[in-house]
Amino acid sequence: MSTDKRVCLGVIAGAHGVRGQVRVKFFTEAPDGIAAYGPVETKDASRSFGIDFKGVAKGLALCALEGVTDRDEAEALRGTELYVSRERLPEPDEDEEGWYYADLVGLAAIGADGTRYGKVAAVQNFGAGDLLEISPEGGGATVLMPFTAENAPEVDIEGGKIVIDPPIGTFGEEDDEAADE
């Protein structure tokens, strides 16, 4: 499977038991979704695993990975992200947004006034909510911006853009009132 247009379904949190099962923090709607789309692979696509959902414990999916047969092997996979090809996922329902976060990567980030801010590099979530990671137009370090309806009022997948209204200071601009003080 190629490394572009893939979706991360979860990340291995550690071993479960002595027979090689793993605990997975799942990013799917339901815990069993981690195994619903066939084999998964690592972020760098160097390894692929058949995956079998076994249950849930303490909010994590319990899974068996093909070829992983003992606790040491399972524990060595801690932190490994599990991906599938975007094509294997179902199309979103009509009442949903109509896209996956992976579809946003590469879209131009454009202000409502036409300002070109850069391109979406990733959608992150470190626990406090979704963030757009934007690679600035002129280069330099990526910028994180809360991914809310207020900050990103329009997503146009077919048009290749996401319209953004970044909070003041996100891209280094200053609030006029703060500059007057």
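Scroll up to find the structure.
In this text the structure is predicted, and so the values were computed from the model without any measurement.

**Considering the nonpolar core**
Piece 1. Counting 20 residues, the largest nonpolar core has Val-24 and Leu-65 as its most contacted members.
Piece 2. Ranked by residues supplied to this core, first place goes to strand β1 (residues 6-16) with four residues.
Piece 3. Sequence-distant contacts of Leu-65, defined by excluding residues within four places in its chain, comprise Ile-12, Val-22, Phe-49, Gly-50, Ile-51 and Leu-77.
Piece 4. If you look at the next biggest cluster of nonpolar residues, it comprises 14 residues, including Leu-107, Tyr-117, Ile-134 and Phe-147.

**Comments concerning the packing of aromatic side chains**
Centre-to-centre distance and the angle between the planes together describe a pair of aromatic rings.
Piece 1. Scanning all chains against the criterion turns up four aromatic pairs.
Piece 2. Ring centres 6.1 Å apart and planes at 35° place the aromatic pair Trp-99 and Phe-147 in the tilted group. Of the two residues, Trp-99 is situated in the loop between β7 (81-85) and α2 (101-104) and Phe-147 in the loop between β11 (143-146) and β12 (154-156); the sequence distance between them amounts to 48 residues. Neither residue differs from the other here; Trp-99 and Phe-147 are each classed as buried.
Piece 3. The rings of Trp-99, Tyr-101 and Phe-147 are connected pair by pair, giving a single aromatic cluster.
Piece 4. We note Arg-6 situated over the ring of Tyr-83; from NZ or CZ to the ring centre the distance is 4.4 Å.

**A word on the side chain of Thr-170**
Piece 1. Tracing the sequence through the fold places Thr-170 in the loop between β13 (161-164) and α3 (176-180).
Piece 2. Accessibility expressed as a relative area gives 19% for Thr-170, which makes it buried.
Piece 3. Residues within four places of Thr-170 in sequence aside, it is in contact with Val-143, Leu-144 and Met-145.

**A short note on the pattern of salt bridges**
Piece 1. Here the structure, examined in full by the defined rule, presents six salt bridges.
Piece 2. Taking the shortest distance from any N to any O, the salt bridge between Glu-41 and Arg-6 comes out at 2.6 Å. With Glu-41 in strand β3 (residues 40-41) and Arg-6 in strand β1, this pair connects stretches of sequence that are 35 residues apart.
Piece 3. Judged by relative accessible area, which is 4%, Glu-41 ranks as buried.
Piece 4. Using a relative accessible area of 9% as the deciding quantity, one classes Arg-6 as buried.
Piece 5. Taking the shortest distance from any N to any O, the salt bridge between Arg-86 and Asp-103 comes out at 2.9 Å.

**A look at the pairing of strand β9 (residues 116-125)**
Piece 1. Judged from the three bridges that link them, strand β8 (residues 108-111) and β9 form a sheet pairing that is antiparallel. Its bridge partner being in β9, Ala-109 is matched across the sheet by Gly-118.
Piece 2. The loop that links β8 with its antiparallel partner β9 comprises four residues; one of these, Gly-114, has a positive phi angle of about 95°.
Piece 3. Bridge analysis of β9 against strand β10 (residues 130-136) gives seven bridges, and the strand direction is antiparallel. From the neighbouring strand, Ala-122 faces β10, where its bridge partner is Glu-133.
Piece 4. Following β9, the chain reverses through four residues before pairing antiparallel with β10; Gly-127 in that reversal takes a positive phi of roughly 115°.

Basis of the calculations
- Residues numbered from 1 in each chain as written.
- Predicted model: local features only at pLDDT ≥ 70, side-chain atom pairs only at ≥ 80, totals over all residues.
- Heavy atoms only, no water.
- Core = buried A, V, L, I, M, F, W, Y, C linked by side-chain atoms within 4.5 Å.
- Buried < 20%, exposed > 50% of the residue type's maximum accessible area, 1.4 Å probe, protein only.
- Helix = DSSP H or I, 4+ residues; strand = E, 2+ residues; numbered from the N terminus.
- Contact = heavy atoms within 4.5 Å.
- Phe/Tyr/Trp six-rings, centres within 6.5 Å; stacked < 30°, edge-to-face > 60°.
- Lys NZ or Arg CZ within 6 Å of the ring centre and 35° of its normal.
- Salt bridge = Lys/Arg side-chain N within 4 Å of Asp/Glu carboxyl O.
- Pairing = 2+ DSSP bridges.

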